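# Notes for the structure review
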Amino acid sequence: MALQCGIVGLPNVGKSTLFNCLSNAKAQAANFPFCTINPNIGMITVPDERLNVLAELVRPQKIVPTTMEIVDIAGLVKGASKGEGLGNKFLANIRETDAILHVLRCFDDENVAHVDGTVNPVRDKEIIDAELQIKDLETLDSRIAKVSKQAQTGGDKTAKQQIEVFIKLKTALEQGKSARTVNFDSKDEQKVARDLFLLTSKPVLYVCNVDEESAVSGNKYTEALRAAVKDENAEILIVAAKIESEITEFETLEEREMFLAEAGLKESGVNRLIKAAYKLLNLQTFLTAGPQEVRAWTFERGWKAPQCAGVIHSDFEKGFIRAEVIKYNDYVALGSETAVKEAGKMAVEGKEYIVQDGDIMHFRFNV
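As a starting point, this report considers the structure included with it. (Residues numbered from 1 in each chain as written. Predicted model: local features only at pLDDT ≥ 70, side-chain atom pairs only at ≥ 80, totals over all residues. Heavy atoms only, no water.)

## Focus on the packing of helix H5 (residues 157–174) against helix H6 (residues 187–194)
Cut-off, in case you're wondering: Every angle, taken between N-to-C directions, lies between 0 and 180 degrees, and every axis is a line fitted to C-alpha atoms, over only the stretch in contact when it is a helix. Every helix listed is a DSSP run of H or I at least four residues long, and every strand listed is a run of E at least two residues long, numbered separately from the N terminus. Each angle is binned into one of four classes, with values under 35 degrees roughly parallel, values over 145 roughly antiparallel, values of 65 to 115 roughly perpendicular, and all other values oblique. The handedness criterion is simple: a crossing whose near helix is rotated anticlockwise from the far helix by less than a right angle is left-handed, and one whose near helix is rotated clockwise is right-handed. Whether two residues are in contact is decided by their heavy atoms, any of which lying within 4.5 Å being enough.
Between H5 and H6, the least distance of the axes is 10 Å, while the angle of their chain directions is 65°. The pairing of H5 with H6 is recorded here as roughly perpendicular in orientation. Seen from above, H5 lies across H6 with right-handed handedness. Residues Gln161, Gln162, Val165, Phe166 and Leu169 of H5 touch H6, and the partners they reach there are Asp188, Glu189, Val192 and Ala193.

## Overview of a nonpolar patch on the surface
As a reminder, the rule being used: Note that patches include only residues with greater than 30% relative accessible area and no salt bridge, and the join distances are 9 Å for like charges and 5 Å for nonpolar side chains (Val, Leu, Ile, Met, Phe, Trp, Tyr). Residue exposure ignores everything except the shown protein chains as possible cover, and the areas themselves are Shrake-Rupley values with a 1.4 Å probe. Salt bridges, as used here, are contacts in which a Lys or Arg side-chain nitrogen is within 4 Å of a carboxyl oxygen on Asp or Glu. Under the scheme applied here, a residue whose accessible area is under 20% of the maximum for its type counts as buried, over 50% as exposed, and between as partly exposed, the area being computed with a 1.4 Å probe on protein chains only.
Taken together, the side chains of Val53, Leu57 and Val332 make up a nonpolar region of the molecular surface, amounting to roughly 180 Å² of accessible area. For Leu57, a relative accessible area of 35% gives the class partly exposed.

## Observations regarding the nonpolar core
Note the following rule: Only buried residues count toward a nonpolar core. Its members are Ala, Val, Leu, Ile, Met, Phe, Trp, Tyr and Cys residues joined through side-chain atoms within 4.5 Å.
Membership of the largest hydrophobic core comes to 57 residues, with the highest contact counts inside it found for Leu22, Met68, Ile70 and Leu101. Considering every element that reaches this core, the biggest residue donor is helix H10 (residues 269–280), with seven residues. Leave out the neighbours within four places in its chain, and Leu22 touches Ile7, Ile44, Ile70, Val270, Leu273 and Ile274.

## Regarding a negative patch on the surface
The cut-off we apply is this: Under the convention used here, Asp and Glu are negative, Lys and Arg are positive, and both His and the chain ends fall outside the count. One atom stands in for each charge, and that atom is NZ of Lys, CZ of Arg, CG of Asp or CD of Glu.
Residues Glu251, Glu254, Glu255 and Glu257 make up a contiguous surface patch of negative charge. Among the structural elements, Glu257 can be located in helix H9 (residues 253–262).

## Looking at the pattern of salt bridges
Evaluated as defined, the whole model comprises 19 salt bridges. A salt bridge links Arg50 to Asp48; the nearest nitrogen and oxygen atoms lie 2.9 Å apart. Among the salt bridges present, the one from Glu293 reaches Arg295, with a minimum N-O distance of 3.5 Å.

## Notes on the sheet that holds strand S5 (residues 99–106)
Strands belonging to one sheet form pairs held by backbone hydrogen bonds; the direction of such a pair is parallel or antiparallel. Using the following cut-off: Strands qualify as paired when DSSP identifies two bridges or more between them.
With mixed pairing, the six strands of this open sheet are ordered in space as S2-S4-S1-S5-S6-S7. The sheet is open, and its two edges are formed by strand S2 (40–45) and strand S7 (235–239), each paired on a single side. In this sheet, neighbouring strand axes are inclined to one another by 25° on average, regardless of whether the strands run parallel or antiparallel. Sheet topology note: the strand S1 (residues 3–8)/S5 ladder contains four bridges and is parallel. Paired with Gly6 across the strands is Ile100, a residue of S5. Those strands touched by helix H1 (residues 15–22) are S1, S2, strand S4 (67–72), S5, strand S6 (204–210) and S7, and its axis lies near 155° from that of S4.

## Brief notes about the environment of Ile7
By the secondary structure assignment, Ile7 is in strand S1. Put simply, Ile7 and Tyr206 are 199 residues apart on the chain and 10.0 Å apart in space, counted from C-alpha to C-alpha. Contact partners of Ile7, with chain neighbours within four places excluded, come to Lys15, Phe19, Leu22, Ile70, Val71, Asp72, Ile73, Leu101 and Val103.

## Things to note about the environment of Val103
Relative to the helices and strands, Val103 resides in strand S5. Residues contacting Val103, with those up to four places away along its chain left out, are Ile7, Val8, Gly9, Val13, Gly14, Lys15, Leu18, Val207 and Asn209.

## Digging into unusual backbone geometry
Most peptide bonds adopt trans geometry, and most residues besides glycine take a negative phi value. Phi at Arg59 is positive, roughly 55°, even though this residue is not glycine. You can see Arg59 is positioned in the loop between helix H2 (49–58) and strand S3 (62–64). Unlike most non-glycine residues, Asn282 shows phi in positive territory, near 60°. When you line up the elements, Asn282 lands in the loop between H10 and strand S8 (283–289).

Rendered as structure tokens:
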């Protein structure tokens, strides 16, 4: 399951600098708008300390973490929905992503120009929101025009339900609210809304790019943003892109940890951002451990054993018989799979078992 997040924001807020820290692909980071002409795509690994702990016990040939794809989208400006700046092309790039990482400038620096002249993350957020909402309204108007005829003339129940969902969404968007704030009564309505692939229906993580002094506790700009989004059910993350950029210059883990400690940070902002994006999409990780590899696999919270088996291979799901499950803490405490079995700590689960984050799984199947 490949996770794709799009980094959006106004020009010169630190998007490409952050992208460079996130991946090995190097976007051009320059002090002028639209330096990212094509969306830069980077594949990054999701940090999971459990993999290294298991590898110390199992001694596998390789370690395979799960991955996330990051798309750095050129800076949007007011009027992007009408083609201003690099407009529609990049709005299309956003549509293809699973989640949005909205980077906001929360630092003062007279040497870095702001496209609107002053630093105001709440205003900047509203500009981006408005452009995405306008584009979603265009999508809805088009769908309403198409489906309303079917609902009126054909007595189509499905079309009538679709119109009800479309109107509900349109009303919210016209009030300046994003589609993700709209609640639906049934799974059928949720599916209708989901199938629209609206830009503002995507989960969003607001990434506050702050100065080095504000990396730990934030500043007046981050507090203003937090107050502005309190009703959005959105996540906020404080990151100092300059610090993250400096961290990448260190070659050893020890040097990076020492640098972080001096800055008062327990973990890099990049790691926290990746984990937050993972959580934003309601994703978890199960593990497999053996002499060939120790590996992390991504699944959605609430999935049952056969669904998770299908993440490894579709045949595992089709011919699912049972799952042998070891809790991570039991494996680490006892030191090996054999010891876990001898202690009676390995569970045998059927089709209804809901897989938990960190479960070490072995699937039995027959096709």
